[in-house]
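Listed here are the chains, written in short residue letters.
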Amino acid sequence: MKKFFATFITFFTVIVLLIGCSNEPTTPKTEETEQQIKEEVVVITISIDNQTEIITEKELPISDHDLLMEVMKENFDIEEDGGFIQSIDGIQPENGEEKAWIYYINGELAMVGATEYVLIAGDKILFDLQAWE
């Protein structure tokens, strides 16, 4: 009887170790996990005259500590002067036109320049070529 019990304990221990060392995930991918993966992006919209004309909208992946200006330069043709965007994909104010590229973060007017803003996953950024106000 002792031999049977010792064999049973050994067999049970081996099975537990095999299950514990398995490379298979123990939990299936959940909606929350998929949402976390999806949230590692920002949406950047380029428009004119308070969004009366939408030029483009892109969902772009980001990494930790990405600066807005860096992401803009990687994904758009950007001309800048002293940290101020002068042209996006060749779109710029006409000579003498009192318009500038103004940008918003999640619907709020940005309080820092694009060279300083660190993107956060899920941000919605709007660059709008509009009249100075």
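This text goes with the structure placed above it.
Each value, and the rule that gives it
Residues numbered from 1 in each chain as written. Predicted model: local features only at pLDDT ≥ 70, side-chain atom pairs only at ≥ 80, totals over all residues. Heavy atoms only, no water. Helix = DSSP H or I, 4+ residues; strand = E, 2+ residues; numbered from the N terminus. Phe/Tyr/Trp six-rings, centres within 6.5 Å; stacked < 30°, edge-to-face > 60°. Buried < 20%, exposed > 50% of the residue type's maximum accessible area, 1.4 Å probe, protein only. Arc of directions from axis to C-beta. Pairing = 2+ DSSP bridges. Contact = heavy atoms within 4.5 Å. Axes fitted to C-alpha atoms, helices over the stretch in contact; angles between N-to-C directions. Salt bridge = Lys/Arg side-chain N within 4 Å of Asp/Glu carboxyl O.

J.: Describe unusual backbone geometry, and please don't skip the residues or the numbers.
T.: One non-glycine residue, aspartate 49, lies in positive phi territory at about 50 degrees. Its place among the elements puts aspartate 49 in the loop between strand S1 (41–48) and strand S2 (53–61). Although it is not a glycine, aspartate 89 sits at a positive phi angle of roughly 50 degrees.

J.: Describe in detail the packing of aromatic side chains, supporting the description with residues and values.
T.: Summed over all chains, the structure comprises one aromatic pair. Ring plane angle 20 degrees and centroid distance 5.1 Å describe the contact between tyrosine 103 and phenylalanine 127, whose orientation is recorded as stacked. Here phenylalanine 127 lies in strand S7 (residues 124–131) and tyrosine 103 lies in strand S5 (residues 99–105), a separation of 24 residues in the sequence. Given a relative accessible area of 9%, tyrosine 103 falls into the buried group.

J.: Before we move on, can you summarise helix H3 (residues 68–75) with the specific residues and values?
T.: Those residues of H3 that sit buried are Leu68, Met69, Val71 and Met72. One face of H3 carries all of its buried residues, which in axial projection span an arc of 165 degrees.

J.: Can you break down the sheet that holds S2 residue by residue, with the values?
T.: Strand order across the open sheet formed by five strands is S2-S1-S7-S5-S6, with mixed pairing between neighbours. The open sheet terminates on both sides in strands that have one partner only, identified here as S2 and strand S6 (108–109). Summarising the sheet, S1 and S7 pair through six bridges and their orientation is parallel. The residue of S7 that forms the bridge with threonine 45 is leucine 126. On top of the sheet, H3 reaches S1, S2, S5 and S7; it is set at about 70 degrees to S1, its chief contact.

J.: Describe the pattern of salt bridges, naming the residues involved and giving the relevant values.
T.: Side chains that differ in sign of charge can pair as their charged atoms come close. Going through the model one piece at a time under the given rule, you end up with three salt bridges. Between lysine 99 and aspartate 49 there is a salt bridge, and its shortest N-O distance comes to 2.7 Å. On the criterion of sequence distance, the pair formed by lysine 99 in strand S5 and aspartate 49 in the loop between S1 and S2 is long-range, its members being 50 residues apart. We note a salt bridge from lysine 99 to glutamate 97, for which the minimum N-O separation is 3.7 Å. A relative accessible area of 17% places lysine 99 in the buried class. Bridged by salt links that share partners, the residues Asp49, Glu97 and Lys99 form one connected network.

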